Amino acid sequence: MGCCYSRVEREEMVSRCRARKRYMKQFVKARQGFSVSHAMYLRALRSTGSALLQFANGEATLHLHLHHHHRRLHSPSLLPSPPPQPPPTPPSPPPLSPGSDGWTSTSVTASSAMPPPPPPAAPPPPPPAASGWDFWDPFMPASSRSVTEEDWEVTTTASELAAPPAAAMTVVSGYSKDSNSELAMVVSRNSGKDLMGIIKELDEYFLNAADAGADVSLALEVSSPAFSCQSKEGKVYNMWNLSPSLWTRGCTSPKSNGFGRMSAQNFGNGRSVYGSHCSTAERLYAWEKKLYKEVKDAETFKIEHDKRVEHLRKLELKRADYMKTEKTKKEIEKLESQMMVASQAIETTSAEIVKLRDTELYPQLLELVKGLMCMWRSMYECHQVQTHIVQQLKYLNIIPSAEPTSEIHRQSTLQLELEVQQWHLSFCSLVKAQRDYIQSLTGWLRLSLFQFNKNTLSRTSEESRIYSLCEEWQQAVDRIPDKVASEVIKSLLTAIHSIVVQQQEEQKQKKRAECAFKELEKKTIELRSLESKYGPFCAAETLGSGRNKDPVGEKHAKVAFLRAKAEEEKSKHDKSVSITRAMTLNNLQMGFPHLFQAIVGFSSVCMQAFESLYNVAKNNEQEHDLKRLLP
């Protein structure tokens, strides 16, 4: 029996049907994966814009505007170095301590009041042009980065103080004539936009780009979490049990998915004509499983029939017993009857598959192609506007401030890093999911067309339409240059991560400075205690060992050392703050133009690919309709 089963499985027809069933199973999962990845990508666009807005809100409050503030490059020391210690010893000045508004001095007595700090030093001369910002540009090759963290200095140059030309802030965006879209224009309403104004506009177009995918969400039937589960590795598993009972069961989808303009009304309208894409795919899989079983049964009957016919021939040659011969003949007749029933079942099942393919699947694919065409056209336009918006970042009239990074701002930076990471992952997932979707469908079509026709070289116009569409779709998807866009999103992620690392370093340096000032305060209190005990004019004390020891003098020396150390740590912290602020602005200025240029290029290729697909498909539709009208 096992030998017979193995032989049946090796039969070409059974093998092809098994492969068809496997491809359709992959297609069902790929449709679900495509749906989930599409929803994740739209959500990532929205979340990235929102996180960027929160980040910019925190960053904007830390910068000073040139038109309203003056720059202090180097903070003068609030604690002058103690002079050499001649007798009598003067009272000790108070230490510095970190306060809510920065580093402040703690006043104890009137005698400890400090003189006013000297005026800020004049700005240093402009640095050579070659010094630049290369070190902070994650998009530049490592060999071109010549500035170190150790020797980085915040400087003001004449070019930084110059106001940008007004004409640079009026931007007109034109789109490709091939996109068949209206000329779009975005004109800056305010020639002096600040960081928040720019980011607010970016966020608006992130939302518009996400809204552009609403129709595709309808076509893919973005499902609720109840219908799928996601592993820690990010793999999506279909939780529906595919069984023949699905032949008559529809695919329940939510009325609202939270990713666009979906509502009960337009969702119903979106699938009332061509049916549920989810249900169509699952019913095709159920029919393919049924077909595989029927073809396997038919081949089993055929093999058994051939064996019985051969056995009958041998019996007749031997002139065997009449009863044995008649029994074998009846067995052959029964097998022939079973073969006929199996053949009719195969024809019925095949007809159902063809019907589903032509009346539901193909129109759904056309609807999906149209939706993708419109989506990528809108996304192309949104990202192109964003490209012009981010060009204004280099004209910002802001300078790095000395304000430290707050904990809230650190959290918003971490959130931005997380959302950009999700954007990168969802982008890669979306590209892969679409490839899996069309590859599994094309593989199924290649095996399912012409299989049961007597003339294997013939094919109907319906078969030609769907096969041509899917073949061209797969070729288009394979040609899409997704690697460039993916790497640029990843580069932006690297740039944001460098800001996170620098903020962490700033936080560590702040803690070092706080510890140094706490230690200074502790030793200063001890010094005051000694001064109150021995007086400020205490003479050296003679110890039993014969050594002379000046406890007040030694304590003064210790306090002076700690004061110098605290000032050094404060200086490092101030420098770290300046580095953080400058790095943040520079990474935004350098990273975002590269990002949106790459996304615009990717969107343009996708738009043109789906426009071509849709136009060819519509032309084929018109030719098909014309042939049906001709006698």
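Throughout, residues of each chain are indexed from 1 in the direction in which the sequence is written. Residue-level local features of this predicted model are given only where pLDDT is at least 70; pairs of side-chain atoms are given and counted only at 80 or more, and the full residue set underlies all totals for whole chains, interfaces and linings. Side-chain numbers here rest on the full set of heavy atoms in the structure, without hydrogens or water.

Caption draft 1: Local environment of the packing of helix H2 (residues 12-60) against helix H4 (residues 195-211). The axes used here are C-alpha line fits, helices contributing only the stretch in contact, and every angle between their N-to-C directions lies in the interval 0 to 180 degrees. Numbering of helices and strands starts at the N terminus; helices are DSSP runs of H or I of at least 4 residues and strands are runs of E of at least 2. For the pair H2 and H4, the least separation of the axes is 8 Å and the interaxial angle reads 170 degrees. Taken together, the axes of H2 and H4 lie roughly antiparallel to each other. In contact with Leu42, Leu45, Arg46, Thr48, Gly49, Ser50, Leu52, Leu53, Ala56, Asn57, Glu59 and Ala60 of H2, H4 contributes Leu195, Met196, Ile199, Lys200, Leu202, Asp203, Phe206, Leu207, Ala209, Ala210 and Asp211. The classification used treats Ala, Val, Leu, Ile, Met, Phe, Trp, Tyr, Cys and Pro as nonpolar, Asp, Glu, Lys and Arg as charged, and all other residues, Gly among them, as polar. Partitioned by chemical class, the residues of the contact of H2 with H4 number 14 nonpolar, four polar and five charged. Roughly parallel refers to an angle under 35 degrees, roughly antiparallel to one over 145, roughly perpendicular to one between 65 and 115, and oblique to any angle outside these ranges. In this analysis, two residues are considered to be in contact whenever any of their non-hydrogen atoms come within 4.5 Å of each other.

Caption draft 2: Looking closely at the nonpolar core. Put simply, buried Ala, Val, Leu, Ile, Met, Phe, Trp, Tyr and Cys residues joined by side-chain atoms within 4.5 Å make one nonpolar core. Using a 1.4 Å probe on the protein chains alone, a residue whose accessible area is under 20% of its type maximum counts as buried, one over 50% counts as exposed, and one in between counts as partly exposed. Counting residues in each nonpolar core, the largest one holds 99 residues, and the members touching the most others are Trp376 and Trp473. At 20 residues, the largest contribution of residues to this core is made by helix H8 (residues 322-390). Not counting chain neighbours up to four residues away, the residues in contact with Trp473 comprise Leu365, Leu368, Val369, Leu372, Gln434, Tyr437, Ile438, Phe610 and Leu613. Leu527, Val552, Val559 and Leu562 belong to the second-largest nonpolar core, a separate cluster that totals nine residues.

Caption draft 3: Seen up close, the packing of H8 against helix H9 (residues 407-448). With their axes 14 Å apart at the nearest point, H8 and H9 run at an angle of 155 degrees to one another. Between H8 and H9, the interaxial angle falls into the category roughly antiparallel. For the pair H8 and H9, the crossing hand works out as left-handed. On the side of H8, the interface is formed by Ile353, Arg357, Leu361, Leu365, Leu368, Leu372 and Trp376, while H9 contributes Leu430, Gln434, Tyr437, Leu441, Trp444 and Leu445. Residue composition of the contact of H8 with H9, by class: 11 nonpolar, one polar and one charged. Left-handed describes a crossing whose near helix is turned anticlockwise from the far helix through less than a right angle; right-handed describes the clockwise counterpart.

Caption draft 4: Structural view of the side chain of Gln386. Structurally, Gln386 is set in helix H8. Two N or O atoms count as a polar contact when they lie within 3.5 Å, although within protein this holds only if one can serve as hydrogen donor and the other as acceptor, and sequence-adjacent residues are included solely when both atoms are side-chain atoms. Of the polar contacts made by the side chain of Gln386, one reaches the backbone oxygen of Leu202; its length is 3.0 Å. Apart from residues lying up to four places away in sequence, Gln386 is in contact with Leu202, Tyr205, Phe206 and Phe596.

Caption draft 5: Molecular detail of the packing of aromatic side chains. Aromatic rings from Phe, Tyr and Trp, taking only the six-membered ring of Trp, are treated as a pair when their centres fall within 6.5 Å; an angle between ring planes under 30 degrees marks them as stacked, one over 60 as edge-to-face, and anything in between as tilted. Tallying each qualifying case throughout the model produces 10 aromatic pairs. With 5.0 Å between their ring centres and 45 degrees between their planes, Phe27 and Tyr437 make a pair best called tilted. Linking Phe27 in helix H2 with Tyr437 in helix H9, this pair joins segments that are 410 residues apart in sequence. One exposure class covers both Phe27 and Tyr437, and it is buried. Relative to Phe610, the ring of Trp473 has its centre 6.1 Å away and its plane inclined at 85 degrees; by these criteria the two rings are edge-to-face.

Caption draft 6: Layout of the environment of Glu336. Residue position: Glu336 is located in helix H8. With a relative accessible area of 39%, Glu336 lands in the partly exposed category. Taking the C-alpha atoms as reference, Glu336 lies 8.1 Å from Lys302; in sequence the two are 34 residues apart.

Caption draft 7: Seen up close, the environment of Leu356. Within the secondary structure, Leu356 sits in helix H8. When its relative accessible area of 5% is taken as the criterion, Leu356 is described as buried. Measuring from C-alpha to C-alpha, the distance between Leu356 and Arg283 comes to 8.4 Å, with 73 residues separating the pair along the chain. Beyond its immediate stretch of four places on either side in the chain, Leu356 contacts Thr280, Arg283, Leu284, Trp287 and Leu361.

Caption draft 8: Region of interest: the pattern of salt bridges. What makes a salt bridge here is a side-chain nitrogen of Lys or Arg within 4 Å of a carboxyl oxygen of Asp or Glu, nothing more. Considering all chains together, one arrives at 23 salt bridges under this definition. Taking the shortest distance from any N to any O, the salt bridge between Arg377 and Glu611 comes out at 3.3 Å. A residue pair is termed long-range when its members are at least 10 positions apart, and Arg377 in helix H8 and Glu611 in helix H12 (residues 551-629) qualify at 234 residues.

Caption draft 9: Examining the environment of Ala598 more closely. Examined against the element boundaries, Ala598 turns out to sit in helix H12. Looking at Ala598, the relative accessible area reads 14%, which means it is buried. Once the C-alpha coordinates of Ala598 and Lys483 are considered, the two residues, 115 residues apart in sequence, prove to be 10.0 Å apart. Among all residues touching Ala598, those that are not within four sequence positions of it are Val484, Ala485 and Val488.

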